[in-house]
Amino acid sequence: MTKGYMIQLSDLITKSEVVVQLFSGQRWKIRKNAAIRFTTMLQDGKTYDVEFAEGNTEAIFDQIKLIFDPNGRVIGQRIQKGLPLKTTRVNDIFQVQKPGYPKIPMAIYRMLDEQQNKEYGESMAKYWYSSKNKRYVKK
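This one's a predicted model, so the numbers in the text were calculated from it and none came from an experiment.

How should a nonpolar patch on the surface be read in this particular structure?
A contiguous nonpolar surface patch, about 550 Å² in accessible area, is contributed by Ile104, Met106, Ile108, Tyr109 and Leu112. Mapped onto the secondary structure, Leu112 falls in helix α3 (residues 103–129).

Shown next, in the form of structure tokens:
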């Protein structure tokens, strides 16, 4: 679940393109560190975006009120200035990074398992190829 996840500046910079709206009503496209201001125009029944200003993502981060997904739905919101920016719905853009399995302990378990398999194979070979030992060897 990514609802209620607090969005940091570093999270916003890592995304390829996110549309945000500031408290002043301006809409910006965030592309990594670059922020591009745009407006939507209507001509002959079709909409298109007109980009007309460029800024820095860090400079506008504190003024962001809403964050939109590619479908135009609000996925993040800041209630008022000075409060944190949080996700308002489950989404695929901002997710909690879950820690993976530790690599070193898993390698140790693999080495132990390989050693046990090797010892078991040697004991089975000794049993089958020796005429003196007639008891079963258990793993």
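Here the narrative resumes, following the displayed structure.
When you look at the sheet that holds strand β6 (residues 74–77) in this model, what are you seeing that I'm missing?
Through backbone hydrogen bonds, the strands of a sheet pair up, either in parallel or in antiparallel fashion. The strand order across the open sheet formed by seven strands is β4-β3-β2-β1-β5-β6-β7, and the pairing between neighbours is antiparallel. Of all strands in the sheet, those bounded by a partner on one side alone are β4 (46–56) and β7 (86–87). In the sheet, strand β5 (residues 64–68) pairs with β6 via three bridges, with the strands oriented antiparallel. Along β6, the bridge assignment pairs Leu66 with Gln77.

Got a minute to help me understand the pairing of β5 in this structure?
The side chains of a regular strand alternate, first on one face of the sheet and then on the other. Burial of β5 is extensive: four of the five residues sit out of reach of the surface. Relative to β5, strand β1 (residues 18–22) runs antiparallel, the two sharing four bridges. Its bridge partner being in β5, Val20 is matched across the sheet by Ile67. Hairpin connection of β5 to β6: five residues between the antiparallel strands, including Gly72 at a positive phi of 90°.

Can you help me understand the packing of aromatic side chains in this one?
Following the criterion strictly, the structure yields zero aromatic pairs and no others. The cationic tip of Lys29 hangs over the ring face of Phe38; the distance from NZ or CZ to the ring centre is 5.0 Å. It is Arg78 that lies over the ring of Phe61; its NZ or CZ is 5.3 Å from the centre.

Explain the pairing of strand β3 (residues 34–43) to me, please; I cannot follow it from the model alone.
Looking at chain direction, strand β2 (residues 27–31) and β3 are connected through five bridges and run antiparallel. Residue pairing for β3: Arg27 is matched across the bridge by Phe38. Joining the antiparallel neighbours β2 and β3 is a turn of two residues, in which Lys32 adopts a positive phi near 55°. Relative to β4, β3 runs antiparallel, the two being bridged by 10 bridges. By the bridge assignment, Ala34 is partnered in β4 with Asn56. In sequence, β3 turns back onto β4 through a hairpin of two residues, with Asp44 there showing a positive phi of about 55°.

Calculation criteria
Residues numbered from 1 in each chain as written. Predicted model: local features only at pLDDT ≥ 70, side-chain atom pairs only at ≥ 80, totals over all residues. Heavy atoms only, no water. Patch = residues over 30% accessible without salt bridge, like charges linked within 9 Å, V, L, I, M, F, W, Y side chains within 5 Å. Areas by Shrake-Rupley, 256 points an atom, 1.4 Å probe, with all protein chains shown as cover. Salt bridge = Lys/Arg side-chain N within 4 Å of Asp/Glu carboxyl O. Helix = DSSP H or I, 4+ residues; strand = E, 2+ residues; numbered from the N terminus. Pairing = 2+ DSSP bridges. Buried < 20%, exposed > 50% of the residue type's maximum accessible area, 1.4 Å probe, protein only. Phe/Tyr/Trp six-rings, centres within 6.5 Å; stacked < 30°, edge-to-face > 60°. Lys NZ or Arg CZ within 6 Å of the ring centre and 35° of its normal.

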